[in-house]
Amino acid sequence: MKEKKLGLMSLILMIFTSVYGFNNIPRSYYLMGYAAIPWFVIAGILFFIPFAFMVAEFGSAFKDETGGMYSWMCKSVGPKYAFIGTFMWYTSYVLWMVNVSSGIWVPVSNIIFGEDTTSTWSLFGIEFLSGSRLLGLMAVLFFIFITYFDSKGIDKISKATSVGGTAVLTINIMVVVGSIIMIIARGGQLEQPFAGMESLKVPLNVAYQGSPIMLLSFIVYALFAYGGIEAVGGLVDKTENPKKNFPKGIIIAAMVIVVGYASLIMLVGSFTNYAEVLGADSITLGNVSYVIMSNFAATFGKVFGASAATQVALAHGFARVYALIMLLALAGALFTLVYSPLKQIIEGTPKELWPGKMGEIEADGMPKNAMWVQCAIVSVMILLVSFGGDSMQKFFVILTAMVNVGMTVPYMFISFAFPKFKKLQGIDRSFVIFKSQKSANIWGYVVTLTLLFANAFAIIQPALDGDFKTTFWSLSGPVVFGLAAWIIYNRYEKKMEAADTKTDAVKAEELEA
């Protein structure tokens, strides 16, 4: 039976769902206000569109390879480079697991109480086991629970929780429609006044005002918001008339995503006065989405004359609905991602690379031994960060910084390998966007340098303000995991050399005999 190909609209929708993340919008508004919008446009031009085209060329040329990005980089540069890049891509999910396991208690709190009360939680009233430390302990227990169920092959929970993805789309539509209704009802007035270019240049967050390094460090948030485009690589040969439709689909999807992010940041300002709603110390990067969504419901009630008590009821009610949706979406993603990236990197690389029994895949398709090693690493990282003695606000700043840097650094390996890929001879070139070696070189290095400078600013900026802890944790992921990958591969090379030496010795003995 002939495989059904993706039409242009289906392709655009697949790219959109792979990349677009609603949570990036309230977080960006919280960090920068309307001034976040230009950075999303810059990141789209310098990173998202060219990188998506690079991934598409890689995916088309190596469509028969099973190793994904490992195969791309292995054939373009070499196996050690490919392994370090792929290992860092995998470990970015480890950092994401640390973040989600710790942050998942915020939606749980919203479901129970209608607001985030995690900063007041304590175990038996013990001060030492409260706040971020208690969340860390709960996160470890939760992650052990997830690993245990996934190791039993019970991954069907993720299918049930996929309803969260559809529900998040519904939230987007509700925010757009509800915001427009409120703007019309108020005669075009926005809760946060928009002063044209001034609002796009000057951040609402005082911490970002007058600090070029802070402004430049924000681009990592925008780059992170475009993450997930590596998944686009496998869609080229599944698309109808790919030479025409694929570049068109990338450009349209990119425009929709950039405009979508920019428009929704504007709409958040239509119902959220920055100073009034986001000025409290209790607001963190972990709970800001729930604060803004609660405010959306309360403001909607206020616009149509609801009483103060009704506004509070609407805020708590909508916070519970939004929290349930996010809990389903995050839990579903966690149940899948606990084994999926790990399985992909183990299956895509030689089994001998992995120490002990880590490289074994069980009959049910689960890399159980590696999953428990992963569980131990995630648990240790959660405890180290959560017991660092920081406020809840600082706790989530560190977690978010770790994930943003950790998930964007591996893309540098792919973009840097692209010019070398263009020089390869005798491979499938049926899909080409960058027509010359010169254009491949220029855009390969533009994307690499954009990622490099953005991450450098994001890592250095906290230290310049005296926050060495955030800088340490931001840098620790790429450095520690990059070094671990190098050690693992060197160990593999020595093992292979020893095996070759032994084989040669046996052959020599046989010849002598």
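Use the structure listed above.
Rules used throughout
- Residues numbered from 1 in each chain as written.
- Predicted model: local features only at pLDDT ≥ 70, side-chain atom pairs only at ≥ 80, totals over all residues.
- Heavy atoms only, no water.
- Helix = DSSP H or I, 4+ residues; strand = E, 2+ residues; numbered from the N terminus.
- Rg over C-alpha atoms; globule rule 2.2 N^0.38 Å.
- Contact = heavy atoms within 4.5 Å.
- Areas by Shrake-Rupley, 256 points an atom, 1.4 Å probe, with all protein chains shown as cover.
- Pairing = 2+ DSSP bridges.
- Phe/Tyr/Trp six-rings, centres within 6.5 Å; stacked < 30°, edge-to-face > 60°.
- Buried < 20%, exposed > 50% of the residue type's maximum accessible area, 1.4 Å probe, protein only.
- Lys NZ or Arg CZ within 6 Å of the ring centre and 35° of its normal.
- Core = buried A, V, L, I, M, F, W, Y, C linked by side-chain atoms within 4.5 Å.
- Axes fitted to C-alpha atoms, helices over the stretch in contact; angles between N-to-C directions.
- Parallel < 35°, antiparallel > 145°, perpendicular 65-115°, else oblique.
- Left-handed = near helix turned anticlockwise from the far one by under 90°.
- Nonpolar A, V, L, I, M, F, W, Y, C, P; charged D, E, K, R; others polar.

**Digging into the overall build of the chain**
No. 1: Helix and strand counts for the chain come out as 21 helices and two strands.
No. 2: Whereas a compact globule of 513 residues would reach a radius of gyration of roughly 24 Å, the chain reaches 24 Å, a difference of no more than 12%.
No. 3: With the principal axes as the frame, the chain shows a C-alpha extent of 95 × 60 × 55 Å.
No. 4: For the chain, long-range pairs separated by at least 24 residues make up 81% of all intrachain contacts whose partners lie at least 6 apart in sequence.
No. 5: With the model as given, the accessible surface of the chain reaches about 22300 Å², and the carbon-plus-sulfur share is 67%.

**Looking at the pairing of strand β2 (residues 126-130)**
No. 1: Bridge count between strand β1 (residues 122-123) and β2: two bridges; the pairing is antiparallel. If you follow Ser 122 over to β2, its bridge partner there is Ser 130.

**A closer look at the packing of aromatic side chains**
No. 1: Applying the stated criterion to the full structure yields 38 aromatic pairs.
No. 2: Seen in terms of ring centroids, Phe 40 and Tyr 261 are 5.0 Å apart; in terms of plane orientation they differ by 40°. Their pairing is tilted. Pair noted here: Phe 40 is in helix α3 (residues 36-61) and Tyr 261 is in helix α13 (residues 242-271), with a separation of 221 residues, a long-range link.
No. 3: Judged by relative accessible area, Phe 40 falls into the buried class, the value being 1%.
No. 4: Pairing Phe 47 with Phe 51 gives two aromatic rings, centres 5.1 Å apart and planes at 25°, and the pair type is stacked. Taken as a pair, Phe 47 and Phe 51 lie in helix α3 at a separation of four residues, close to a single helical turn. An identical accessibility class is assigned to Phe 47 and Phe 51; each is buried.
No. 5: Of the aromatic side chains, those joined through ring pairs into one cluster are Phe 16, Tyr 20, Phe 40, Phe 48, Phe 218, Tyr 221, Tyr 226 and Tyr 261.
No. 6: Positioned over the ring face of Phe 421 is Arg 429, at 4.6 Å from the centre of the ring.

**Quick look at the nonpolar core**
No. 1: In terms of nonpolar packing, the biggest core is built from 154 residues, with Phe 22, Phe 47 and Tyr 226 touching the most fellow members.
No. 2: The leading source of residues in this core is helix α19 (residues 392-422), at 16 residues.
No. 3: Sequence-distant contacts of Tyr 226, that is, excluding residues within four places in its chain, are made with Val 19, Phe 40, Ala 43, Gly 44, Phe 47, Phe 48, Ile 257, Val 258 and Tyr 261.

**Side note on the packing of helix α5 (residues 79-103) against helix α17 (residues 340-348)**
No. 1: Between α5 and α17, whose axes approach to 9 Å, the crossing angle comes to 165°. With respect to α17, the element α5 is oriented roughly antiparallel. Considering the relative orientation of α5 and α17, their crossing is left-handed. Contacts between α5 and α17 involve Thr 86, Phe 87, Trp 89, Tyr 90 and Tyr 93 on the former and, on the latter, Pro 341, Leu 342, Gln 344 and Ile 345.
No. 2: Among the residues forming the contact of α5 with α17, the class breakdown is seven nonpolar, two polar and no charged.

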